[in-house]
Amino acid sequence: MIDHSLYKEKSIQGRYINMEAIQPCFSKVSCPITHIGYSVEGIGINAFRLGKGGKKVLMWSQMHGNESTTTKAVWDLVNFLQSDDSLAQNILRECSLMIVPMLNPDGARIYTRENVNKVDLNRDAKDLTQPESIALRNLFESFQPDFCFNLHDQRTLFSAGKANKSATVSFLSPASNQERHITPSREVAMKLIVGMNAMLQKHIPSQVGRYDDGFNDNCIGDTFQMLNVPTILFESGHYPKDYEREKTRELIFLSIIEALKIITNNEIDTYKTGDYFSIPGNQKLFFDVIIRNPELVNPEIEPGQKVGIRYKEVLDVDKITFKPEIAEIGLLDGFYGHQTIECIDTKDFGFASSEKEILDLLLKTKK
């Protein structure tokens, strides 16, 4: 069992991670830094290679600028790999890892999914209209990886299947054609996911999801899978009361190490493709908050209805605040809340002082 706390990069915390925040981390890397291109705003995009083995793994984080959990996990991984742990040494002996900690520095700075040109880099793999997309594709072609890890975050609305369990970590082996055939490269990715899932079930039982595999040849994972390179989408989701995603960071760290261990030990074929489909598919069944009996606070709302609130992530100088917004009012049968507020009566709303913003929002709601 790896103790994540020994390797956690304490200089980066929370949700807002930009290039300035991770710049000191590069100085800790024990290998040359490779410049692979520039962002639209001229920020350098860097990568580095750890290990000298023949099994080549390319991984990149923050392709979406507001998805920072895996960036934190990547730097924790670097600390682990540069330790004297025997597994770390085995991985570096058998594998060569090419790591891009932040592909979209402009989006990271302003905390947006897209780059500064408002282009989703994960929908630019075929068109290659943006310099960040071109930088990654050139690195892919020069490095010629055997495996690709596409590292992302997902929203709090996802459940692992239809149960009241948030999808804390989700995976996808992307399709490489419209028919979603199980090609050899896709099968390898599926088996690696099965291996990671087996490990994660010991930490977060029933909280691992399988991401939708609809085919889009302009998505980077689909494109690389089409090029016969096993590619895995990692999605960092919500762990209860972990909006800063520090627990999820640990779980992604452990997942990447598990995948690398399986690759290092040539254990891919010990896992079954069929078990991939046993991982419950992601469903959009969660609100951040569900308010019950809201008509006791606001008579504009019909009795029997509930209010579903989702948080909007807002950049406030150098931190992310979570602004509540009403997403839906209705029966909300079959939906769950990461938090549930039960309205009591008009004199005692049942709201804590910290929930005043939600109460004010509810009071302003009209039919």
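The coordinates are above.
Not measured: the values here are computed from a predicted model.

1. Here we look at the overall build of the protein chain
- Across its full length, the protein chain carries ten helices and 14 strands.
- For the protein chain, the C-alpha atoms occupy an extent of roughly 70 × 45 × 40 Å along the three principal directions.
- By sequence separation, contacts in the protein chain at least 24 residues apart represent 75% of the contacts at least 6 residues apart.
- Summed over its atoms, the accessible surface of the protein chain is roughly 15,700 Å², and 48% of this surface lies on carbon and sulfur atoms.
- For the protein chain, the distance from the average position of its 42 positive side-chain charges to the average position of its 49 negative side-chain charges is 2 Å.

2. A word on the environment of proline 24
- Mapped onto the secondary structure, proline 24 falls in helix 1 (residues 19-26).
- Sequence spacing of proline 24 and serine 11 is 13 residues, and the spatial spacing of their C-alpha atoms is 8.5 Å.

3. Some details on the sheet that holds strand 1 (residues 33-38)
- Pairing is mixed in the open sheet, where eight strands are placed in the order 1-2-4-3-5-9-7-8. Of all strands in the sheet, those bounded by a partner on one side alone are strand 1 and strand 8 (208-210). Adjacent strand axes in the sheet meet at a mean angle of 20 degrees when their direction is disregarded.
- Of the pairings in the sheet, the one linking strand 1 to strand 2 (residues 44-50) comprises five bridges and is antiparallel in character. Bridge pairing links histidine 35 to asparagine 46 in strand 2.
- Relative to the sheet, helix 3 (residues 86-94) contacts strand 2, strand 3 (55-60) and strand 4 (95-100), its axis offset from that of strand 4 by approximately 95 degrees.
- Helix-sheet contacts for helix 6 (residues 184-200) involve strand 5 (147-153), strand 7 (169-172), strand 8 and strand 9 (231-236), and the interaxial angle to strand 9 is about 35 degrees.

4. Some points on helix 8 (residues 246-264)
- Spanning 19 residues, helix 8 covers 27 Å between terminal C-alpha atoms, matching the ideal 27 Å at 1.5 Å per step.
- Burial of helix 8 is extensive: 17 of the 19 residues sit out of reach of the surface.
- Directly beyond the C-terminal end of helix 8, a positive phi value near 55 degrees is found at asparagine 266.

5. A short note on the pattern of salt bridges
- The full count for this structure, using the stated rule, is 21 salt bridges.
- For the salt bridge of lysine 126 with aspartate 217, the shortest nitrogen-to-oxygen distance reads 3.3 Å. With a gap of 91 residues between them, lysine 126 in the loop between helix 4 (105-110) and helix 5 (131-143) and aspartate 217 in the loop between strand 8 and helix 7 (220-226) connect regions that are remote in the sequence.
- Taking relative accessible area as the criterion, aspartate 217 reaches 27% and is therefore assigned partly exposed.
- The shortest N-O distance in the salt bridge between arginine 180 and aspartate 213 comes to 2.8 Å. Of this pair, arginine 180 sits in the loop between strand 7 and helix 6 while aspartate 213 sits in the loop between strand 8 and helix 7, and the two are 33 residues apart along the sequence.
- Here aspartate 213 falls in the buried class, since its relative accessible area comes to 15%.
- One network of salt bridges, in which partners are shared, links Lys8, Lys72, Asp76, Glu246 and Arg249.

6. What to know about the side chain of threonine 71
- In this fold, threonine 71 is placed in helix 2 (residues 69-81).
- Contact partners of threonine 71, with chain neighbours within four places excluded, come to Ile12, Ile17, Ile22, Ser61, Gln62 and Pro101.

7. Concerning the sheet that holds strand 12 (residues 306-316)
- Read across the sheet, four strands follow the order 13-12-11-14 without closing on themselves; strand pairing throughout is mixed. The sheet terminates laterally at strand 13 (319-330) and strand 14 (336-342), the two strands that pair on one side only. Between one strand and the next, the sheet's axes are offset by a mean angle of 30 degrees, whatever the strand orientation.
- Sheet topology places strand 12 next to strand 13; eleven bridges connect them, and they run antiparallel. Looking at the pairing, glutamate 313 lines up with phenylalanine 322 of strand 13.

8. Describing the state of the cysteines
- Scanning the model with the defined rule gives zero disulfides in all.
- The thiol of cysteine 31 is unpaired, and the distance to the nearest cysteine sulfur, on cysteine 25, comes to 13 Å.
- Given a relative accessible area of 16%, cysteine 31 falls into the buried group.

9. Here we look at the packing of helix 2 against helix 8
- Two elements in contact, helix 2 and helix 8, have axes whose closest approach is 8 Å; the angle formed by their N-to-C orientations is 55 degrees. In terms of axis orientation, helix 2 runs oblique to helix 8. Considering only the axes of helix 2 and helix 8, their crossing is right-handed. Along its contact with helix 2, which presents Thr69, Thr70, Lys72, Ala73, Asp76, Leu77 and Phe80, the element helix 8 presents Glu246, Thr248, Arg249, Ile252, Phe253, Ile256, Ile257 and Leu260.
- By residue class, the composition of the contact of helix 2 with helix 8 is eight nonpolar, three polar and four charged.

10. Some remarks on the nonpolar core
- With 62 residues, the main nonpolar core has Phe80 and Phe149 as its most contacted residues.
- Broken down by element, this core gets its largest block of residues, ten residues, from helix 8.

11. Regarding unusual backbone geometry
- In this structure, glutamine 62 is a non-glycine residue whose phi angle is positive, near 50 degrees.
- Take glutamine 62: it is sitting in the loop between strand 3 and helix 2.
- Note on glutamine 62: relative accessible area 0%, which makes it buried.
- Within the chain, arginine 245 stands out as a residue other than glycine whose phi angle is a positive 60 degrees.
- Locating arginine 245 in the fold gives a position in the loop between strand 9 and helix 8.

Conventions adopted
- Residues numbered from 1 in each chain as written.
- Predicted model: local features only at pLDDT ≥ 70, side-chain atom pairs only at ≥ 80, totals over all residues.
- Heavy atoms only, no water.
- Helix = DSSP H or I, 4+ residues; strand = E, 2+ residues; numbered from the N terminus.
- Contact = heavy atoms within 4.5 Å.
- Areas by Shrake-Rupley, 256 points an atom, 1.4 Å probe, with all protein chains shown as cover.
- Lys, Arg positive; Asp, Glu negative; His and termini not counted.
- Charge placed at Lys NZ, Arg CZ, Asp CG, Glu CD.
- Pairing = 2+ DSSP bridges.
- Axes fitted to C-alpha atoms, helices over the stretch in contact; angles between N-to-C directions.
- Expected span 1.5 Å × (residues − 1).
- Buried < 20%, exposed > 50% of the residue type's maximum accessible area, 1.4 Å probe, protein only.
- Salt bridge = Lys/Arg side-chain N within 4 Å of Asp/Glu carboxyl O.
- Disulfide = S-S within 2.5 Å.
- Parallel < 35°, antiparallel > 145°, perpendicular 65-115°, else oblique.
- Left-handed = near helix turned anticlockwise from the far one by under 90°.
- Nonpolar A, V, L, I, M, F, W, Y, C, P; charged D, E, K, R; others polar.
- Core = buried A, V, L, I, M, F, W, Y, C linked by side-chain atoms within 4.5 Å.

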